[in-house]
Amino acid sequence: MKEPFLAAVPVLKKLESAGFEAYFVGGSVRDFLLNKEINDVDIATSATPEEVKRIFSKTVDIGIEHGTVLVLYQNQSYEITTFRSEAEYEDYRRPKEVSFIRNLIEDLQRRDFTMNAIAMDKDGSLIDPFNGQISIDNQIIQTVGKAADRFQEDALRMMRAVRFLSQLSFTIEKETLNALKDLVHLLSNIAVERKQTEFDKLLSGVNRKQALELILQTNIYSYLPGLSNQEDRIKLMLKYKLERLTTREMWALLVYCLKIEKKAVEGFLRGWRIPLKEIREIQVILHYLDKRFKTSWSLYDLYTATKEIFVSSEILYLVIKGIENNNSIQHFLQMYEQLPIKDRSEMDVSGNDLMDWFNKSGGPWVKELLFKVEQAILEGNVVNNKKNIKEWLMECNHN
Ligand code: ATP
Ligand code: MG
């Protein structure tokens, strides 16, 4: 075994010494077997949430109705979920109520894909009743049990199949893929938030291009916010080299390819329940991308865009233009590093200074003059220190 499991072994031991079973489960075991970086270590246990809360001193209720308690242990946090079965599904969604059970195998049976239904105990022994290891060895995404049944229980699993294809570059097993094609319409019952989580991961996967192709082929796109009837425009995206793009850049490129009007961008992204902060970032990236098509970066634009944003806009520009092996990013980064200030807060003058120097009370003129000083600093007309700024202002009589 290796980290981060080793650090979590005492958590399993604590549950066991209280008389319960406990195992590592889910994505962490899968990623461990794949020799991939392990994100969160999830734990499944026969203890009920109340029992888990009695055993650990620091816990947070994050999903008690689904049996999940967050346990803080030695500066790490672990999601501990009670073994459960999901016998009754409603409306093709995961069930509102779950029943807690004491049996690991039943818990593994309700999991989506065989590769995600492997448990590992504290000694590193695997419990793999659905041959998840074989699926992993053969790089196959296959449902636990009959695919059609599992997708009817929870239609989101169809999107999860494609997002795993994106992240792992596996293939979807034939029966699983056929069921997906047949039942794709059930995705209309699924909450946007859940779709968004999967789509976001899909966009960030290494195999994102194939995943997007499959989203088109299987008609999944028709059930995604703002994408129905957009087959041709989504196809535009597949022309580009997508490998280097971050998730945020992928969203920006999607908006670009969909040719969404500037004022409709926010509505489209809100439709996906993307947080407003990210929406604003995507809008700014698109704003500078638009500008980039017309002209190169000015010092002022580099400064106002900020480093993260201009790098994203420039990368998108290069991708859309099909420009490779170009050192323009390096060039603009150098320009950026040489800016005398990177942010307004670095200006060595304040509104109070101006009011003091000109012996005038506040008003719109303060903001205007600060803006003039900012420009002058950026253009190298005045050095950014109080004395020089004051002299410059007095000389030019900028009052
Ligand atoms: P990631 O590395 O992206 O977190 P993951 O496999 O851990 O991947 P999660 O969404 O964190 O995915 O889910 C954890 C585990 O819970 C899965 O591995 C799977 O066993 C189970 N699971 C999650 N969603 C479903 C679902 N809709 N239906 C059945 N089982 C699910
Ligand atoms: Mg996970």
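Predicted model, so just to flag it, every value in this text is computed and none were measured.

The rules we used
- Residues numbered from 1 in each chain as written.
- Chains lettered and ligands numbered in written order.
- Predicted model: local features only at pLDDT ≥ 70, side-chain atom pairs only at ≥ 80, totals over all residues.
- Heavy atoms only, no water.
- Phe/Tyr/Trp six-rings, centres within 6.5 Å; stacked < 30°, edge-to-face > 60°.
- Helix = DSSP H or I, 4+ residues; strand = E, 2+ residues; numbered from the N terminus.
- Buried < 20%, exposed > 50% of the residue type's maximum accessible area, 1.4 Å probe, protein only.
- 1 Å grid on protein atoms, 1.4 Å probe; cavity = no way out; pocket = protein on both sides within 12 Å on 5 of 7 lines; lining within 4 Å.
- Points joined across faces, edges and corners; volume = space filled by probe spheres on them.
- Nonpolar A, V, L, I, M, F, W, Y, C, P; charged D, E, K, R; others polar.
- Core = buried A, V, L, I, M, F, W, Y, C linked by side-chain atoms within 4.5 Å.
- Contact = heavy atoms within 4.5 Å.
- Near = heavy atom within 4 Å.
- Polar contact = N/O pair within 3.5 Å; in protein donor to acceptor, adjacent residues only side chain to side chain.
- Areas by Shrake-Rupley, 256 points an atom, 1.4 Å probe, with all protein chains shown as cover.
- Sits in = over half its atoms within 2 Å of the grid points.
- Domains from an automatic or database assignment.
- Expected span 1.5 Å × (residues − 1).
- Axes fitted to C-alpha atoms, helices over the stretch in contact; angles between N-to-C directions.
- Parallel < 35°, antiparallel > 145°, perpendicular 65-115°, else oblique.
- Patch = residues over 30% accessible without salt bridge, like charges linked within 9 Å, V, L, I, M, F, W, Y side chains within 5 Å.
- Salt bridge = Lys/Arg side-chain N within 4 Å of Asp/Glu carboxyl O.
- Buried area = accessible area lost by both parts, 1.4 Å probe.

So, on to the packing of aromatic side chains. Throughout the structure, instances matching the rule amount to 16 aromatic pairs. Ring plane angle 90 degrees and centroid distance 6.2 Å describe the contact between phenylalanine 56 and tyrosine 73, whose orientation is recorded as edge-to-face. Remark: tyrosine 73 occurs in strand E4 (residues 68-73) and phenylalanine 56 occurs in the loop between helix H3 (49-55) and strand E3 (59-63); sequence separation between them is 17 residues. Judged on exposure class, the residue phenylalanine 56 and its partner tyrosine 73 are both buried. An angle of 80 degrees between the planes, with centres 6.0 Å apart, marks the rings of phenylalanine 113 and phenylalanine 164 as edge-to-face. Of this pair, phenylalanine 113 sits in the loop between helix H4 (104-109) and strand E8 (119-120) while phenylalanine 164 sits in helix H7 (residues 156-168), and the two are 51 residues apart along the sequence. Each member of the pair, phenylalanine 113 as well as phenylalanine 164, carries the same accessibility label: buried. Members of the aromatic cluster, each reached through a chain of ring pairs, are Tyr288, Trp297, Phe310 and Tyr336.

In this section: the layout of surface pockets. A water-sized probe, rolled over the atoms, reveals where empty space remains. There is about 1,500 Å³ of room inside the largest pocket. Surrounding the largest pocket, 43 residues form its lining, Asp42, Arg160, Arg163, Glu198 and Lys201 being those nearest its centre. Those elements giving two or more residues to the lining of the largest pocket turn out to be helix H2 (27-33), strand E2 (42-45), E3, strand E5 (76-82), H7 and helix H9 (192-204). Tallying contributions element by element places H7 first for the lining of the largest pocket, with seven residues. Partitioning the lining of the largest pocket into residue classes produces nine nonpolar, 13 polar and 21 charged. Of the voids in this model, the second largest pocket is the one considered here, and its volume is about 290 Å³.

Take the nonpolar core next. Among the nonpolar cores identified, the biggest contains 120 residues, and Phe24, Ile43, Phe199 and Leu227 are the most heavily contacted of them. Ranked by residue count, the leading element in this core is helix H16 (residues 307-321), at nine residues. The contact partners of isoleucine 43, leaving out residues within four places of it in the chain, are Val11, Leu12, Leu15, Ala22, Tyr23, Phe24, Val25, Tyr78, Glu79, Ile80 and Thr81. With 10 residues, the next largest nonpolar core counts Ala44, Ile101, Leu104 and Val144 among its residues.

To continue, consider the site of ligand 1. Near ligand 1 lie 15 residues; those nearest to it are Arg30, Asp154, Arg157, Arg160 and Arg163. Glycine 27 is positioned such that a nitrogen or oxygen atom in its backbone is 3.3 Å from an oxygen atom of ligand 1. About the coverage of ligand 1: the protein hides 80% of its 590 Å² of free accessible area. Judged by the fraction of its atoms near the pocket grid, ligand 1 is located in the largest pocket. Elements represented by at least two residues in the shell around ligand 1 include exactly H2, H7 and H9. The element contributing the most residues to the shell around ligand 1 is H7, with four residues. Counted by class, the shell around ligand 1 contains one nonpolar, three polar and 11 charged residues. The residues that make up the shell around ligand 1 include at least three from each of domain 1 (1-137) and domain 2 (139-224).

Attention shifts here to the side chain of aspartate 107. With respect to the helices and strands, aspartate 107 occurs in helix H4. Separated by 3.0 Å, the side chains of aspartate 107 and arginine 111 make a polar contact. Dropping the residues within four chain positions of it, aspartate 107 is found in contact with Ala44, Thr82, Phe83, Arg84 and Ile101.

As a further point, take helix H14 (residues 276-294). Because the α-helix completes a turn every 3.6 residues, residues three or four places apart line up on one side. Here H14 spans 28 Å end to end across 19 residues, near enough to the 27 Å set by a 1.5 Å rise per residue. Among the residues making up H14, those that are buried are Ile279, Ile282, Ile285, Leu286, Tyr288, Leu289 and Arg292.

Moving on: the packing of H9 against helix H10 (residues 208-217). The geometry of H9 relative to H10 is characterised by a closest axis approach of 7 Å and an angle of 135 degrees between their N-to-C directions. Here H10 runs oblique to H9, going by the angle between their axes. Residues Phe199, Leu202, Leu203 and Ser204 of H9 pack against Arg208, Ala211, Leu212 and Ile215 of H10. When its residues are assigned to classes, the contact of H9 with H10 shows six nonpolar, one polar and one charged.

Where nonpolar side chains cluster on the molecular surface, the patch consists of Val60, Ile62 and Leu72 and spans about 220 Å² of accessible area. The residue leucine 72 is located in strand E4 in this model. Leucine 72 gets classed as partly exposed once you look at its relative accessible area, which sits at 37%.

Turning to the domain arrangement of the protein, a few remarks are in order. As far as domains go, the protein holds domain 1 (1-137), domain 2 (139-224), domain 3 (237-339) and domain 4 (344-398). Inter-centroid distance (C-alpha atoms) of domain 1 to domain 2 is 23 Å. On the side of domain 2, 23 residues touch domain 1, which itself brings 24 residues to the contact. Taking both partners together, domain 1 and domain 2 bury about 1,900 Å²; carbon and sulfur atoms supply 59% of that area. Inspection of the domain 1/domain 2 interface yields one salt bridge. The shortest N-O distance in the salt bridge between aspartate 112 and arginine 160 comes to 2.6 Å. Where domain 1 touches domain 2, the interface holds nine residue pairs in polar contact (both at pLDDT 80 or more). Looking at the side of domain 1 that touches domain 2, the elements that each hand over two or more residues are H2, H4 and helix H5 (132-138). The element contributing the most residues to the side of domain 1 that touches domain 2 is H5, with three residues. Taken together, the residues that form the side of domain 1 that touches domain 2 break down as nine nonpolar, four polar and 11 charged.

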